[in-house]
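One letter stands for each residue in the lines below.
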Amino acid sequence: MAKVGIVMGSDSDMPVMAKAAEILDELGISYEMRIISAHREPDEFFEYAKTAEEKGFKVIIAGAGMAAHLPGMCAAIFPMPVIGIPMHTTSLGGRDSLYSIVQMPTGIPVATVAIGGGANAGILAAKILSTSDPQLLDKLKKYTSSLKESVIKKDERLQEVGYKAY
Ligand code: RP5
């Protein structure tokens, strides 16, 4: 059974949502990925959200743009954590998506990552799952160490070749 539901409002969201999936792949976390529009197919959306718990999801990552109601409506129905990813938009730069997702009423939170923050959504989902999975926690610690190592290597190269040749 998939532990994470990844859902997006349109296939135009895929480049961002793929970053969440890549992180889950890297950490060996099972997920189901769907394109479901809360606005264009409300009945399909409600079926998805209402059956998410019985499908075994522990977290849902929901991404949407513009009047982005998908994450908030997932949170209204699904009882476990929902992570929202606001999509960048050409008209309002993604502020429309961000405000739609982050400004939830008391009692129905959506953990909102940055505009286009697909990778962080994947990492946050993994961190939530790691609270009851010591092996996953270990993988996350290694992942964090690898970030540190990559910065150290970049600085070593800068010291070696100087900024002009970097
Ligand atoms: C939202 O509308 C989707 O999440 C997408 O970000 C945005 C635009 O959708 P398309 O017109 O590209 O299908 O529902």
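**Topic: the packing of aromatic side chains**
Next, step 1: In total, this model carries two aromatic pairs according to the counting rule given.
Next, step 2: On the numbers, 6.2 Å between centres and 50° between planes, the contact of Tyr48 with Phe57 is tilted.
Next, step 3: Its relative accessible area of 3% is what places Tyr48 among the buried residues.
Next, step 4: Cation over ring: Arg157 sits above Tyr166, and NZ or CZ is 4.5 Å from the ring centre.

**Some details on helix H3 (residues 70-77)**
Next, step 1: What H3 keeps buried is the set Leu70, Pro71, Gly72, Cys74 and Ala75.
Next, step 2: Buried residues in H3 make contact with strand E1 (4-8), helix H2 (42-51), strand E3 (59-64), strand E4 (82-86) and helix H4 (95-102).

**A word on a nonpolar patch on the surface**
Next, step 1: Where nonpolar side chains cluster on the molecular surface, the patch consists of Leu158, Val161, Tyr163 and Tyr166 and spans about 410 Å² of accessible area.
Next, step 2: Along the chain, the position of Leu158 falls in helix H6 (residues 134-165).

**A short note on the sheet that holds E3**
Strand pairs in the sheet, formed through backbone hydrogen bonds, run parallel or antiparallel to each other.
Next, step 1: What the five strands build is an open sheet, ordered E2-E1-E3-E4-E5; its pairing is parallel. The open sheet has two free edges, formed respectively by strand E2 (31-35) and strand E5 (111-112), since each of these has just one partner strand.
Next, step 2: The pairing of E3 with E4 spans five bridges and is classified as parallel. The partner of Gly63 across the bridge, within E4, is Ile85.
Next, step 3: In the packing of H3 onto the sheet, contacts are made with E1, E3 and E4, and the angle to E3 comes to roughly 155°.

**What about the site of the ligand?**
Next, step 1: Every residue near the ligand is listed here: Gly9, Ser10, Ser12, Asp13, Arg40, Ala64, Gly65, Met66 and Met87.
Next, step 2: Separating an oxygen atom of the ligand from a side-chain N or O atom of Ser12 is a distance of 2.7 Å.
Next, step 3: Within the contact set of the ligand, an oxygen atom lies 2.8 Å away from a side-chain nitrogen or oxygen of Arg40.
Next, step 4: Taking 360 Å² as the accessible area of the ligand by itself, protein coverage stands at 72%.

**With respect to the domain arrangement of the chain**
Next, step 1: Split by domain assignment, the chain resolves into domain 1 (4-132) and domain 2 (133-166).
Next, step 2: In this assembly, twelve residues from domain 1 lie in contact with seven residues from domain 2.
Next, step 3: It is Leu27, Ile123 and Ser130 in domain 1 that bury the most area against domain 2; as a group they hold 58% of the surface buried on that side.
Next, step 4: Run the count over domain 1 and domain 2 and you get zero salt bridges.
Next, step 5: Where domain 1 packs against domain 2, one counts two residue pairs in polar contact (both at pLDDT 80 or more).
Next, step 6: By residue number, the principal contributor to the side of domain 1 that touches domain 2 is helix H5 (residues 118-130), which donates five residues.
Next, step 7: A per-class count over the side of domain 1 that touches domain 2 returns six nonpolar, four polar and two charged.

**Considerations on the nonpolar core**
Next, step 1: Grouped together as the largest cluster of nonpolar side chains are 24 residues, with contacts concentrated most on Ile29, Ile61 and Ile85.
Next, step 2: Listing elements by their share of this core, those giving two or more residues are E1, helix H1 (14-27), E3, E4, H5 and H6.
Next, step 3: Looking at this core, the element that brings in the most residues is H1, giving seven residues.
Next, step 4: If you look at the next biggest cluster of nonpolar residues, it comprises 20 residues, including Ala2, Cys74, Phe78 and Ile101.

Criteria and cut-off values
Residue positions are counted from 1 within each chain, in the order its sequence is given. Local features are withheld for residues below a pLDDT of 70 in this predicted model, meaning they are given only at 70 or higher, and side-chain atom pairs are given and counted only at 80 or more; totals for whole chains, interfaces and linings count all residues. Neither water nor hydrogens contribute to the side-chain values; these are computed over all heavy atoms in the structure. Aromatic rings from Phe, Tyr and Trp, with only the six-membered ring used for Trp, were paired whenever their centres fell within 6.5 Å, and each pair was classed as stacked if the ring planes differed by under 30 degrees, edge-to-face if by over 60, and tilted otherwise. Here the term buried applies to any residue with accessible area under 20% of the maximum for its type, exposed to any over 50%, and partly exposed to those in between, with areas from a 1.4 Å probe on protein chains only. The rule is short: NZ of Lys or CZ of Arg within 6 Å of the ring centre and within 35 degrees of the ring normal puts a charge over the ring. For the purposes of this entry, the term helix denotes a DSSP run of H or I that reaches at least four residues, the term strand denotes a run of E that reaches at least two, and both are numbered from the N terminus. Two residues form a contact once any of their heavy atoms are found within 4.5 Å. In this scheme, patches are assembled from residues that exceed 30% relative accessible area and form no salt bridge. Like charges are connected within 9 Å, while nonpolar side chains (Val, Leu, Ile, Met, Phe, Trp, Tyr) are connected within 5 Å. Shrake-Rupley sampling with a 1.4 Å probe provides the accessible areas, and residues are treated as covered by the protein chains on show and by no other component. A pairing counts as a salt bridge when a side-chain nitrogen of Lys or Arg comes within 4 Å of a carboxyl oxygen of Asp or Glu. Whether two strands pair comes down to DSSP finding at least two bridges between them. Axes, fitted as lines to C-alpha atoms, cover a helix only where it is in contact. Angles between the N-to-C directions of the axes lie from 0 to 180 degrees. In these notes, residues near a molecule or strand are those with any non-hydrogen atom within 4 Å of it. We call two N or O atoms a polar contact when they sit within 3.5 Å, provided that within protein one can donate a hydrogen and the other can accept it, with sequence-adjacent residues counted only if both atoms are side-chain atoms. Marked domain ranges trace back to an automatic or database domain assignment. Buried surface area refers to the total accessible area, computed with a probe of radius 1.4 Å, that the two partners give up upon joining, counted for both partners together. In this classification, the charged set is Asp, Glu, Lys and Arg, the nonpolar set is Ala, Val, Leu, Ile, Met, Phe, Trp, Tyr, Cys and Pro, and all remaining amino acids, among them Gly, are polar. Buried Ala, Val, Leu, Ile, Met, Phe, Trp, Tyr and Cys residues form a nonpolar core when they are joined through side-chain atoms within 4.5 Å.

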